[in-house]
Every structure is written in C-alpha cells, then in structure tokens.
Amino acid sequence: MNDDVRNIVLGVVATAVSGGFGWFARTYLWRRDLRRKQAFFGLPTGSDCVFVANRQMGGKESSLHRSDAFALLEISALIKDCGATVQVITHDGARQGFGERAEFCVGGPASNLRTTAHLTSLLPGVRVGTGTEPGPERGAISVGGQTYRWEAGMLEHVLLARLTTERGARPVFLLSGQTANSNQAAARYLARHHRRLARTYGRDSFCLLLKVVNSDAYGPDVTELVADVTRAARTPAAEAA
C-alpha cells in the first residue's frame, strides 16, 4: 500500500469515526432532553394524560372557544413529543382524582369547574372574580395581597401552575386565564419555556402569574412574567391575613 492509498484510507476512517461520534453525541443529547421533558410533564413514553377543556363563555355548555382549541393544539404537540397520548374531557365530566395521570386543565373558574376544584384544594391563596356583570372585578385575580385586573384588549392575566401533591405523583398543569386568549398565551409560554422552568423548579410545584400585553394587536404572542406567586398561592388566605 503506497502513501496515497494509506492517506485515503485513514481519511475515510477518520471521517467515519468523527461522524459516528457526532451521531452518538446528538443522540445522547436528544435522549437526555427527552427524558427531562418527560419527567417535567409527567409523561413517560406510552403514558396517558387528560386535557380538561372548559366551555366558551356565553356559548353553549359544550362549545369551545377558538383560542382554547389552539391551546389544546399547543399542548398536544408537547404530549406527542413525549410519546404519550391525550384524552380530551369536558370540565363537568372530569370526576377523578389527580396524581395517577398528568393533567392539563385550561380555563378560569368561571368556565371550568375543574379549575375551581384545583384552586380550592391546591392554590387556596388565590381568589378569582367569577361574576359575569361588567366591572373592574370581573375576572380579577387576587393573590399575595395584590389584585390583577383585566383591561379588555389591553391587559390580560393568567395563572400558569405545575401542581403535585407528593413526590412521584403525576402533575396537574393549570392554565387559568381571564380570557381564552390568555389561556392560549399560557400554553404557548409553557411550550416555549418548559426547559427553563424544568431547570428552575425541577419536579416541584410552582405558580406563575403572567400578563398578556395589548392582545387586540398582538394576540397571545406578547406574554411577560409578572411574578412567581407560588408561596402566596399555596398559603390559605386566612393564614396569610
């Protein structure tokens, strides 16, 4: 074997080794990212979860607002990435406990009975105005001594929470917004920032207050973090007082 042939062979071998190492590294990083995502969402491969759909405000009992349907699509993509399946159930048909299956519950207490139950049991420090009459207290979210009001078309708020009752239990993700648009904004925020949230909170519970700015112009796209209200939200209002 002359020097030219040897150099060619060595070049081919080096290329194959380099390519194999690159493929292995990419596969390892992809699998690690997938495991972390599955752990955060409580969705191991082949598992099942539920999406609790609210009803459209002012619509029929079984109707779903378009923005809430988009929230379902945002979350469904995350579920598919984890290799899990989803069952969609209505808010008044969700008669089951929590912890056995991961759950995504969308909508405020005025449109979702399941949200009302979760706020009472898991976030007792949160109060939400559920009246239907126009006014500043309609849909207002009160937590930690602060009240966050809805300004139609300009400012909307939504609670995004990951809730568990014990180590190893599957989480409940609560997206409780003042409008359907803010529900979708929370779903989009979760899809975009789940890696950062997983690094910050791991498998612990958290409750974040988000605001959606100028929704008439930007829809659900401009969403900002207002505060981490986990401690205040999980402390009963009487104890906080």
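Residues numbered from 1 in each chain as written. Predicted model: local features only at pLDDT ≥ 70, side-chain atom pairs only at ≥ 80, totals over all residues. Heavy atoms only, no water.

Enquirer: Give a description of the pattern of salt bridges that names residues and reports values.
Expert: Enumeration according to the criterion identifies 7 salt bridges in this entry. Linking Arg114 and Glu103 is a salt bridge whose minimum nitrogen-to-oxygen distance equals 2.9 Å. Of this pair, Arg114 sits in helix α3 (residues 113–122) while Glu103 is found in strand β3 (residues 102–106), placing the two residues 11 residues apart along the sequence. Take Arg114 and Glu103: they sit in the same class, and that class is buried. Close ionic contact of Glu224 with Lys211 constitutes a salt bridge, the shortest N to O distance being 3.7 Å. (Salt bridge = Lys/Arg side-chain N within 4 Å of Asp/Glu carboxyl O. Helix = DSSP H or I, 4+ residues; strand = E, 2+ residues; numbered from the N terminus. Buried < 20%, exposed > 50% of the residue type's maximum accessible area, 1.4 Å probe, protein only.)

Enquirer: How would you explain the packing of aromatic side chains if you had to name every residue and give the values?
Expert: For the structure shown, the criterion picks out 7 aromatic pairs. Between the aromatic rings of Phe40 and Phe41, the centroid separation amounts to 5.0 Å while the plane-to-plane angle is 75°, which identifies the pairing as edge-to-face. Residue classification places Phe41 among the buried residues on the basis of a relative accessible area of 0%. Pairwise contacts between aromatic rings join Phe40, Phe41, Phe104, Phe173, Tyr201 and Phe206 into one cluster. (Phe/Tyr/Trp six-rings, centres within 6.5 Å; stacked < 30°, edge-to-face > 60°.)

Enquirer: Summarise the packing of helix α2 (residues 66–81) against helix α4 (residues 180–201); cite the residues concerned and give the values.
Expert: The interhelical angle for the contact between α2 and α4, taken along N-to-C directions, is 15°, at an axis separation of 7 Å. Accordingly, the angle class assigned to the pair α2 and α4 is roughly parallel. Two packed elements cross with a definite hand, and for α2 against α4 that hand is left-handed. Only Ala180, Asn181, Asn183, Gln184, Ala187, Arg188, Leu190, Ala191 and His194 of α4 make contact with α2, whose side of the interface consists of Ser67, Asp68, Phe70, Ala71, Glu74, Ile75 and Leu78. Of the residues belonging to the contact of α2 with α4, the class tally is 8 nonpolar, 5 polar and 3 charged. (Axes fitted to C-alpha atoms, helices over the stretch in contact; angles between N-to-C directions. Parallel < 35°, antiparallel > 145°, perpendicular 65-115°, else oblique. Left-handed = near helix turned anticlockwise from the far one by under 90°. Contact = heavy atoms within 4.5 Å. Nonpolar A, V, L, I, M, F, W, Y, C, P; charged D, E, K, R; others polar.)

Enquirer: Lay out the side chain of Thr223 with the relevant residues and their values.
Expert: Following the sequence through the fold, Thr223 ends up in strand β10 (residues 223–228). At 3.1 Å, the side chain of Thr223 forms a polar contact with the backbone oxygen of Pro220. Those residues in contact with Thr223 that lie beyond four places of it in its chain are Ala185, Tyr189, Leu210, Lys211 and Val212. (Polar contact = N/O pair within 3.5 Å; in protein donor to acceptor, adjacent residues only side chain to side chain.)

Enquirer: Can you lay out the environment of Ala186 for me, pointing to particular residues and giving the numbers?
Expert: Of note, Ala186 is situated in helix α4. For Ala186, a relative accessible area of 0% gives the class buried. Residues Ala186 and Val212, spaced 26 residues apart in sequence, show a C-alpha to C-alpha distance of 9.0 Å. Discounting residues that sit within four places of it in the chain, Ala186 has contacts with Val158, Leu160, Leu175 and Leu210.

Enquirer: Break down the nonpolar core for me, with residues and values.
Expert: Among the nonpolar cores identified, the biggest contains 29 residues, and Phe41, Leu43, Ile75, Phe104, Leu175 and Leu190 are the most heavily contacted of them. Looking at this core, the elements with two or more residues in it are α1 (3–41), β1 (48–53), α2, β3, β7 (155–163), β8 (172–177), α4 and β9 (206–213). It is α4 that provides the largest number of residues to this core, a total of 6 residues. The residues contacting Phe104, other than those within four sequence positions of it, are Phe41, Leu43, Cys49, Val50, Phe51, Val52, Ile75, Ile79, Phe173 and Leu190. (Core = buried A, V, L, I, M, F, W, Y, C linked by side-chain atoms within 4.5 Å.)

Enquirer: Describe the pairing of β8, and please don't skip the residues or the numbers.
Expert: In terms of burial, β8 is largely enclosed, as 6 of its 6 residues are buried. Neither face of β8 is left uncovered, since the one carrying Val172, Leu174 and Ser176 and the one carrying Phe173, Leu175 and Gly177 both have all their residues buried. Two elements, β3 and β8, share 4 bridges in a ladder whose sense is parallel. Each bridged residue has a counterpart across the sheet, and for Val106 the counterpart in β8 is Leu175. In the sheet, β7 pairs with β8 via 6 bridges, with the strands oriented antiparallel. The residue of β8 that forms the bridge with Leu159 is Ser176. (Pairing = 2+ DSSP bridges.)

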